[in-house]
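Chain and residue survey
Residues per chain are reported as follows:
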Amino acid sequence: MGNTKDSQTWFQKLENLHPYETMLYLGMLGSGLIFLFLSVAFLFSGLNQLEGLNHRIPIAFLASTLLIILSGYSAGKMRVYYLEENTEKLQLALRNTLILGIAFTFSQLIGWMELSNMGINFTGMPSGSFLYVLSGIHIFHLIGAMVFAVMMWVQLRKNQRDQIKNLVLLTNPYEKMRIRLFTRYWHFMDGIWLILFFLFVLSF
């Protein structure tokens, strides 16, 4: 059985995925290509435009990097708690992930204010404009994950009051898949921001 599964081609494995999994992975691929093309354009826009202007990476971007790393750890714990059938800790990990995601979003907005105070505006030099565009698109993608997180959190709160619904939640393969896909997408967003942050550091 195991050998048959391992001998499947990449396309056959893709066919066996749940439609939601396929949609998510294709969406991640499309998003990854968007960030790749924009990052390449950012690199060729002239990173040296920001050099020698006595600018520094916004402090808020440093703080948001720490927040996104912590949120990635919290999201990863969700799968652990689900396998342990600990819905209370699962709910807590999801709530922490959501709070950290919201804090990350606000820190990005503060980072934009810092850029503006430095004289780096959206309509200014190309390199400065890309700082807003790349971070803005990343926030847009992350907001989608946070909306889904709110929906899952509300569902967990309701199920926690009913032992039967709680048992169904823990034994339902669909729920397990939803948590797995959420954590993978969140880690994907974590990785995207870390790459962007590295590029931003190079631009200053």
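Given the structure is predicted, the values throughout are model-derived calculations rather than measurements.

1. Thoughts on the overall build of the protein chain
Of the regular secondary structure elements, the protein chain holds 8 helices and 0 strands. Helices (α) and strands (β) of the protein chain occur, in sequence order from the N terminus, as α-α-α-α-α-α-α-α. A separation of at least 24 residues holds for 83% of the contacts in the protein chain among residues at least 6 apart in sequence. Surface accessibility of the protein chain: about 11600 Å² in total, with carbon and sulfur atoms responsible for 67%.

2. Examining the side chain of Q108
Within the element layout of this structure, Q108 appears in helix 5 (residues 87-117). Taking the relative accessible area as the measure of exposure, Q108 reaches 0% and is therefore buried. Excluding residues that lie within four positions of it along the chain, Q108 makes contacts with F61, S64, S135, I139 and W193.

3. A short note on a nonpolar patch on the surface
A cluster of nonpolar side chains, L26, L29, L33, L36, F37, V40, L43 and F44, forms an exposed patch at the surface whose accessible area comes to about 830 Å². With respect to the helices, strands and loops of the structure, F44 is situated in helix 3 (residues 19-44).

4. What about the nonpolar core?
In terms of nonpolar packing, the biggest core is built from 47 residues, with M78, F182, W193 and F200 touching the most fellow members. Taken together, the elements giving at least two residues each to this core come down to helix 3, helix 4 (59-83), helix 5, helix 6 (126-160), helix 7 (163-171) and helix 8 (173-203). Broken down by element, the residue count for this core peaks at 14 residues, all from helix 8. Dropping the residues within four chain positions of it, F200 is found in contact with F42, I57, F61, L131, L134, S135 and W193.

5. What to know about the pattern of salt bridges
The full count for this structure, using the stated rule, is 1 salt bridge. In this structure, E175 engages R178 in a salt bridge whose closest nitrogen and oxygen atoms are separated by 3.3 Å. Linking E175 with R178, this pair stays in helix 8, spanning 3 residues, or about one helical turn. Overall, the relative accessible area of 9% leaves E175 in the buried class.

6. Things to note about the packing of helix 5 against helix 8
Where helix 5 contacts helix 8, the two axes come as close as 13 Å, and the packing angle between them is 30°. Taken together, helix 5 and helix 8 sit at an angle that is classed as roughly parallel. The crossing of helix 5 and helix 8 is left-handed. Between helix 5, through L90, L94, T97, G101, F104 and Q108, and helix 8, the contact on the second element is made entirely by I179, F182, W186 and W193. Classifying every residue of the contact of helix 5 with helix 8 by side-chain character gives 7 nonpolar, 3 polar and no charged.

7. Some points on the packing of aromatic side chains
Summed over the entire model, instances satisfying the criterion amount to 11 aromatic pairs. Chaining the aromatic ring pairs together yields one cluster made of F42, F61, F104, F130, W193, F197 and F200.

Definitions and limits used
Residues numbered from 1 in each chain as written. Predicted model: local features only at pLDDT ≥ 70, side-chain atom pairs only at ≥ 80, totals over all residues. Heavy atoms only, no water. Helix = DSSP H or I, 4+ residues; strand = E, 2+ residues; numbered from the N terminus. Contact = heavy atoms within 4.5 Å. Areas by Shrake-Rupley, 256 points an atom, 1.4 Å probe, with all protein chains shown as cover. Buried < 20%, exposed > 50% of the residue type's maximum accessible area, 1.4 Å probe, protein only. Patch = residues over 30% accessible without salt bridge, like charges linked within 9 Å, V, L, I, M, F, W, Y side chains within 5 Å. Salt bridge = Lys/Arg side-chain N within 4 Å of Asp/Glu carboxyl O. Core = buried A, V, L, I, M, F, W, Y, C linked by side-chain atoms within 4.5 Å. Axes fitted to C-alpha atoms, helices over the stretch in contact; angles between N-to-C directions. Parallel < 35°, antiparallel > 145°, perpendicular 65-115°, else oblique. Left-handed = near helix turned anticlockwise from the far one by under 90°. Nonpolar A, V, L, I, M, F, W, Y, C, P; charged D, E, K, R; others polar. Phe/Tyr/Trp six-rings, centres within 6.5 Å; stacked < 30°, edge-to-face > 60°.

So, to be careful, I would describe these as geometric facts and stop short of saying anything about function.
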